[in-house]
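# Inside the fold
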Amino acid sequence: MMDDTISAIATALGVGSIGVIRVSGPDSLAIVRRFFAGREQPGRENARKLLYGHILDGKGQVVDEVLAVYMPGPHSYTGEDVCEIQCHGGREALQEILRLTFQAGARPAEPGEFTKRAFLNGRLDLAEAESVMDIINARSRQALAAANRGHEGGLSRQVKALRKTLRDLVVQLEACIDYPEDDIEEVTYDRTVSTLEEGKKAVETLVRRGTAGRILREGLRTAIVGRPNVGKSSLLNSLLQADRAIVSNIPGTTRDIIEEQMTIGGIPLVLTDTAGLRDTSDLVEKIGVERSRAALEDAQLALVVLDGSQPLDPEDRQLLESLRDRKKLILVNKADLPLALDVEGLRKTYGEKDVLVLSVKEGKGLEQVEQWLRDFVYGEGSDSESSSMTQNARQQNLLEKALQSLEDALAGARQHLPYDCLTIDLTQALHDLGEITGEDVPDEIIDEIFAQFCVGK
Ligand SMILES: Nc1nc2c(c(=O)[nH]1)N(C=O)[C@@H](CNc1ccc(C(=O)N[C@@H](CCC(=O)O)C(=O)O)cc1)CN2
Ligand SMILES: Nc1nc2c(ncn2[C@@H]2O[C@H](COP(=O)(O)OP(=O)(O)OP(=O)(O)O)[C@@H](O)[C@H]2O)c(=O)[nH]1
Ligand SMILES: [Mg+2]
């Protein structure tokens, strides 16, 4: 338990109808009682009850009409004694009451300090505490749901369960190092392999959910690319359901990149329409083509549009070749015209599922694009609700590191490497996973994490 008492404005700065000042620590009750006047003073007997009263300044002048509540530790947000005052929103009342709390002995809370105390008092683990920030920053219903799953300990629970499995495995392997018995070696390796396979699968699922969560938060950066005149801008307009980009039958119509945000099938996209890729001597078009390539570089997903009424062009081939290792969806457009492009051949080369035939002009096939996007983000056959979880870069990074160690251990177990080689990788994985929930984290990292929070949280 901390021995000092902190105080801060908990609500947004600016004019609002109500504002909240939160005081947490051993003296919070005594501090608030110094300047709160009402029929009842807050105390044990009326704990967690909202009390009506006024805030009086040093001269006995009324500062504001308020409601106050006392929440004795450990049953409070921070786990400490907490007192809150609900006053009128707006700068003056809030600032004045905050000043009174300082005068009475509280000190200004640092960013994230309330939540840090909740963490240090064991009310939240690190991953849960971090998701508090994601809840505050959520910008869509799905993002909020994903953050709430983190807050309820979704990630923590799974990480803890996995760590227990791995710890048990290390214990078993260590016992075998000390008492080698050749006849059980085979069994030990088989069991280790199957435990590690399961562990690897679990971490892979978490990584995928984290990626989905990030897309929900930030949007999937998607670039529409292809030769001139294949229907890229028409596709943008049609997905956006607005006449945003100029469409014409003149190749080279789009010259600059156009970026739009939209939600398709519940997936937020940051979609860019680009200038048709071709060699050109036109200076402005050339710059546009360069920008298109840069947008493509930056994109997480490429929608490659082809004109289905013409055979595959060398420039199409070149583009597809340059995107060999990239995530892409190939869209064969203009299906309302006679098909001249070898769709089956494309499917053989680039994957059955990743080539769709559509007609933007007739609005046909766009729903397949929606479904494809959902599968891309959530994984095929998964339902969106449970398939995303907010994981921040720190957590995602640690999961990826743990995954690597598990893969190393798995490869080692398959080759029957000595047990102590396996336990080295396992110990590393245990450490990385422990950093996620905060069981195995240096103080500096804890401080750094909470410093990113806002004051009052
Ligand atoms: N006024 C106010 N509103 C708020 C918060 C707050 O601190 N103050 N919160 C802060 O972010 C969020 C709510 N989070 C909270 C989490 C736990 C407890 C708490 O007192 N828990 C006790 C009692 C639970 C119960 O009655 O069942 C406990 O867990 O022991 C309070 C708020 C959002 N709204
Ligand atoms: N028949 C047919 N024509 C289409 C379809 N989609 C787009 N077009 C036409 O193709 C022409 C080019 O469309 P745009 O959307 O401007 O093509 P773009 O790929 O953006 O072209 P640039 O900006 O020049 O690179 C226009 O005349 C569109 O009306 C389609 O599904 N079927
Ligand atoms: Mg265009």
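Residues numbered from 1 in each chain as written. Chains lettered and ligands numbered in written order. Predicted model: local features only at pLDDT ≥ 70, side-chain atom pairs only at ≥ 80, totals over all residues. Heavy atoms only, no water.

### Concerning the overall build of the protein
The helix and strand tally for the protein stands at 15 helices and 13 strands. Relative to the 2.2 N^0.38 estimate, which gives 23 Å for 457 residues, the radius of gyration of the protein is 29 Å and therefore markedly larger than a compact globule would have. Expressed as lengths along the three principal axes of its C-alpha atoms, the size of the protein is roughly 85 × 70 × 35 Å. The long-range fraction of contacts in the protein, counting pairs at least 24 apart against all pairs at least 6 apart in sequence, stands at 67%. Working note: accessible area of the protein is about 22,500 Å², and carbon and sulfur atoms make up 50% of it. Looking at charge distribution, the protein has the averaged site of its 54 positive side-chain charges lying 5 Å from that of its 75 negative ones. (Helix = DSSP H or I, 4+ residues; strand = E, 2+ residues; numbered from the N terminus. Rg over C-alpha atoms; globule rule 2.2 N^0.38 Å. Contact = heavy atoms within 4.5 Å. Areas by Shrake-Rupley, 256 points an atom, 1.4 Å probe, with all protein chains shown as cover. Lys, Arg positive; Asp, Glu negative; His and termini not counted. Charge placed at Lys NZ, Arg CZ, Asp CG, Glu CD.)

### Focus on the sheet that holds strand S8 (residues 220–225)
Strand order in the open sheet made by the 6 strands is S9-S10-S8-S11-S12-S13, with mixed pairing throughout. A strand with exactly one partner marks an edge of an open sheet, and here the two such strands are strand S9 (258–264) and strand S13 (355–357). The sheet shows a mean angle of 25° between the axes of neighbouring strands, direction not considered. Pairing between S8 and strand S10 (residues 267–273): 5 bridges, direction parallel. By the bridge assignment for S10, Leu 220 is matched with Leu 269. Sheet strands touched by helix H9 (residues 283–298): S8, S10 and strand S11 (301–307). Its angle to S8, the strand with the most contacts, is close to 145°. Across the sheet, helix H10 (residues 314–322) lies against S8, S11 and strand S12 (328–333), angled at about 165° from S11, the strand it touches most. (Pairing = 2+ DSSP bridges. Axes fitted to C-alpha atoms, helices over the stretch in contact; angles between N-to-C directions.)

### Description of the pattern of salt bridges
Evaluated as defined, the whole model comprises 27 salt bridges. We note a salt bridge from Asp 125 to Lys 160, for which the minimum N-O separation is 3.2 Å. With Asp 125 in the loop between helix H3 (113–120) and helix H4 (126–137) and Lys 160 in helix H6 (residues 154–178), the pair connects residues that are 35 residues apart, well separated along the chain. The exposure class assigned to Lys 160 is partly exposed, which follows from its relative accessible area of 37%. (Salt bridge = Lys/Arg side-chain N within 4 Å of Asp/Glu carboxyl O. Buried < 20%, exposed > 50% of the residue type's maximum accessible area, 1.4 Å probe, protein only.)

### So, the confidence of the model for the protein
Residue-level pLDDT values for the protein average 92, and 97% of them are 70 or greater. Both confidence scores are given for the complex: pTM 0.72, ipTM 0.68. (pLDDT = per-residue confidence, 0-100.)

### Notes on the UniProt feature "binding site: (6S)-5-formyl-5,6,7,8-tetrahydrofolate" (unreviewed entry) in the protein
As annotated in UniProt, the feature "binding site: (6S)-5-formyl-5,6,7,8-tetrahydrofolate" (unreviewed entry) corresponds to Arg 22, Glu 84, Arg 123 and Lys 457 in the numbering used here. Topologically, Glu 84 is positioned in strand S6 (residues 82–88). With residues near it in sequence (within four places) discarded, Glu 84 still touches Val 20, Ile 21, Arg 22, Leu 67, Ala 68, Val 69 and Met 71. Along the chain, the position of Arg 123 falls in the loop between H3 and H4. Residues within four places of Arg 123 in sequence aside, it is in contact with Pro 74, Ser 76, Tyr 77, Thr 78, Gly 79 and Ala 118. A distance of 2.8 Å separates a polar atom in the side chain of Arg 123 from the backbone oxygen of Ser 76. (UniProt positions renumbered as here; feature names shortened; annotations may be inferred. Polar contact = N/O pair within 3.5 Å; in protein donor to acceptor, adjacent residues only side chain to side chain.)

### A look at the pairing of S9
Inspection of the sheet shows S9 paired to S10 by 7 bridges, in the antiparallel sense. Within the sheet, the bridge partner assigned to Thr 263 lies in S10 and is Pro 268.

### Some points on the site of ligand 1
Near ligand 1 you find Arg 22, Arg 48, His 75, Ser 76, Tyr 77, Glu 84, Arg 123 and Lys 457, and these make up its full shell. Arg 22 is positioned such that a nitrogen or oxygen atom in its side chain is 2.5 Å from an oxygen atom of ligand 1. A distance of 2.7 Å is found between an oxygen atom of ligand 1 and a side-chain nitrogen or oxygen belonging to Lys 457. A total of 680 Å² of accessible area belongs to ligand 1 in isolation, and the protein chains cover 48% of it. When the residues that make up the shell around ligand 1 are grouped by side-chain class, the tally is 1 nonpolar, 2 polar and 5 charged. (Near = heavy atom within 4 Å. Nonpolar A, V, L, I, M, F, W, Y, C, P; charged D, E, K, R; others polar.)

### Some words on the site of ligand 2
In the vicinity of ligand 2 there are 23 residues, among which Lys 232, Ser 234, Gly 252, Thr 253 and Asp 336 approach most closely. Within the contact set of ligand 2, an oxygen atom lies 3.0 Å away from a backbone nitrogen or oxygen of Gly 231. Interatomic distance of 2.6 Å between a side-chain N/O atom of Ser 234 and an oxygen atom of ligand 2. For ligand 2, the protein covers 89% of the area, taking 660 Å² as the surface of the free molecule. Counting atoms within 2 Å of the grid points, the majority share of ligand 2 lands in the second largest pocket. (1 Å grid on protein atoms, 1.4 Å probe; cavity = no way out; pocket = protein on both sides within 12 Å on 5 of 7 lines; lining within 4 Å. Sits in = over half its atoms within 2 Å of the grid points.)

### Concerning the layout of surface pockets
Of the volumes computed, that of the largest pocket is approximately 540 Å³. Going through the elements one at a time, helix H7 (182–218) and helix H12 (366–378) are the ones with two or more residues in the lining of the largest pocket. The greatest single-element share of the lining of the largest pocket, amounting to 6 residues, is contributed by H12. Along the lines of polarity and charge, the residues of the lining of the largest pocket split into 6 nonpolar, 5 polar and 9 charged. Within this model, the second largest pocket holds a volume of roughly 390 Å³. What lines the second largest pocket is a set of 24 residues, among which Asn 229, Gly 231, Ser 234, Val 247 and Ser 248 lie closest to the centre. (Points joined across faces, edges and corners; volume = space filled by probe spheres on them.)

### Some remarks on the coordination of the magnesium ion (ligand 3)
For the magnesium ion (ligand 3), every protein donor is listed as Ser 233 (OG) and Thr 254 (OG1), and the spread of their distances is 1.9 to 2.0 Å. Within this pair, whereas Ser 233 is found in helix H8 (residues 232–240), its partner Thr 254 is found in the loop between H8 and S9, the two being separated by 21 residues in sequence. The residues Ser 233 and Thr 254 share a single accessibility class, namely buried. (Donors = N, O, S within 2.8 Å, 3.2 Å for Na, K, Ca; no water.)

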